[in-house]
Amino acid sequence: MTNGTGMNNKISFQGVVKTFPMKGTDFTALDGVSLDIADQEFVTVVGPSGCGKSTLMSMAAGLEAPTSGRVLVDGRPVTGPGPDRGVIFQQYALFPWLTVRQNVEFGLKLASVPAEERHRRADRAIALVGLDEFADALPKTLSGGMKQRCAIARAYAVDPQVLLMDEPFGALDALTRVQLQDQLLATWSREKRTVLFITHDVDEAVYLASRVVVMAARPGRVHRIIDVDLPYPRTEDIRLSAEFRQIRNEVWTSVYHQQPAAPAA
Ligand SMILES: Nc1ncnc2c1ncn2[C@@H]1O[C@H](COP(=O)(O)OP(=O)(O)OP(=O)(O)O)[C@@H](O)[C@H]1O
Ligand SMILES: [Mg+2]
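Here goes a summary of the coordinates provided.

Thresholds, definitions, all that
- Residues numbered from 1 in each chain as written.
- Chains lettered and ligands numbered in written order.
- Predicted model: local features only at pLDDT ≥ 70, side-chain atom pairs only at ≥ 80, totals over all residues.
- Helix = DSSP H or I, 4+ residues; strand = E, 2+ residues; numbered from the N terminus.
- Buried ≥ 20, exposed ≤ 12 C-beta atoms within 10 Å, placed from the backbone.
- Contact = placed C-beta atoms within 7 Å.
- Axes fitted to C-alpha atoms, helices over the stretch in contact; angles between N-to-C directions.
- Left-handed = near helix turned anticlockwise from the far one by under 90°.
- Nonpolar A, V, L, I, M, F, W, Y, C, P; charged D, E, K, R; others polar.
- Pairing = 2+ DSSP bridges.
- Expected span 1.5 Å × (residues − 1).
- Parallel < 35°, antiparallel > 145°, perpendicular 65-115°, else oblique.
- Arc of directions from axis to C-beta.
- Right-handed = clockwise from strand over helix to strand, strands pointing away.

## Digging into the overall build of the protein
- For the protein, the count of helices and strands is eight helices and ten strands.
- Principal-axis analysis of the C-alpha atoms gives the protein an extent of 55 × 45 × 40 Å.
- Taken across its 265 residues, the protein has 42% of its residues classed as buried.
- Of the contacts made within the protein by residues no fewer than 6 positions apart, 68% connect residues no fewer than 24 positions apart.

Here it is in structure tokens:
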């Protein structure tokens, strides 16, 4: 889809400012963020707590509107949520009265997917996150990591063009995390999706992405964009390579040794 700039962008943040009203004065959460994400690109976002990562994602999801600037998906301004964008929230929310399978099928039901296909797609997504044995369990009987995997399965089942993922693997043990990273990469390359993925984990950011966006806080803005010049499919060998380590160190330094921002107004 060609947008006003003539670029082939799936998601485009153009001079995005987001302020929140705060006791008489406004708090600037994002101050002029411009970022283009190409169709079928995998971009990760890292940055200090409070730099506006979740706020940025909420705008692409259509849950928040920018105070000024524009957020475009497929060249059109985002006006609300849509089935083209699957969202996995930092604070995953499951319906406590529905089983794992019913939670996963929820979005498909909204989209009027017929029952048989709904079951098939839900079963596949549930298997993908390794919850087969718990398909009929209620969320309260699951561990934190299992609830998170259920929320991931719910987004996968809808099979959206764009995946917006806010620290989706945060509560998972290291092994499950690596497995889900590899599954996500496999799905992404097979189905040609566009992924915007927020994480606190620098290794994860580099392993998954073709570009890592490093944000800075106070006010929230794009600090640096680092290209990850490593081939796909990503493998254990790549994870252990000197090239990987070098990019990882660059991202790490960029996140944790940022020059102090100019004094906030
Ligand atoms: N609805 C809101 N009302 C007021 N302030 C908000 C609101 N949402 C976010 N903020 C503020 O905007 C800033 C950015 O928040 P955001 O949640 O986007 O940060 P983040 O980068 O996702 O942080 P974390 O890494 O801790 O998840 C924070 O200072 C936060 O307090
Ligand atoms: Mg956040």
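## A word on the packing of helix α2 (residues 100-110) against helix α4 (residues 144-158)
- For the pair α2 and α4, the least separation of the axes is 8 Å and the interaxial angle reads 35°. Like other packed secondary-structure pairs, α2 and α4 cross with a definite hand, here right-handed. Each of Val100, Asn103, Val104, Phe106, Gly107 and Leu108 in α2 lies in contact with α4, whose residues at this interface are Cys150, Ala153, Arg154, Ala157 and Val158.
- For the contact of α2 with α4, the class distribution of residues is eight nonpolar, two polar and one charged.

## Quick word on the sheet that holds strand β8 (residues 194-198)
- The strand order across the open sheet formed by six strands is β6-β7-β8-β3-β9-β10, and the pairing between neighbours is mixed. Across the chains shown, the open sheet's two edge strands, defined by having one partner strand only, are β6 (85-88) and β10 (221-227). Neighbour-to-neighbour, the strand axes of the sheet open up by a mean angle of 15°, direction not taken into account.
- As paired strands, strand β9 (residues 211-216) and β10 are joined by six bridges and run antiparallel to one another. Note on β10: the bridge partner recorded for Val214 is Arg224.
- Lying over the sheet, α4 contacts β6 and β7 (162-166), oriented at roughly 175° with respect to β6.

## Here we look at helix α5 (residues 174-191)
- Compared with the 26 Å implied by 1.5 Å per residue over 18 residues, the 26 Å span of α5 between its first and last C-alpha is a close match.
- Trailing α5 by a residue or two, Lys192 shows a phi angle of about 55°, which is positive.

## Some words on the environment of Phe95
- Mapping Phe95 onto the fold places it in the loop between β6 and α2.
- Among the residues examined, Phe95 registers 12 C-beta atoms within 10 Å and is labelled exposed.

## Observations concerning the packing of helix α3 (residues 115-128) against α4
- One way to put it is that α3 packs onto α4 with a least axis distance of 8 Å and a crossing angle of 135°. Taken together, the axes of α3 and α4 are oblique relative to one another. In terms of crossing hand, the pair formed by α3 and α4 is right-handed. Of the residues in α4, those touching α3 at Arg121, Ala122, Ala125, Ile126 and Leu128 are Ala153, Tyr156 and Ala157.

## Quick word on helix α8 (residues 242-256)
- Over its 15 residues, α8 runs 21 Å from end to end, which matches the ideal 21 Å to within 8%, given 1.5 Å per residue.
- For α8, every residue scored as buried is listed here: Ile247, Val251, Ser254 and Val255. Buried residues of α8, seen end-on, are gathered within an arc of 100° and therefore sit on one face of the element. Exposed side chains of α8 directed beyond 90 degrees from the buried face belong to Ala242, Gln246, Asn249 and Tyr256.
- Buried positions along α8 lie against β3 (42-46), α6 (202-208), β9 and β10.

## Things to note about the pairing of β8
- Of all the five residues making up β8, five are buried; the element is thus mostly covered by neighbouring parts of the structure.
- Side chains Thr194, Leu196 and Ile198 project from β8 onto one buried face, and the interleaved Val195 and Phe197 project onto a second face that is buried too.
- As paired strands, β3 and β8 are joined by four bridges and run parallel to one another. Following the sheet pairing, Val45 is matched in β8 by Ile198.
- After leaving β7, the chain enters α5 and then returns to the sheet as β8, a path that is right-handed.

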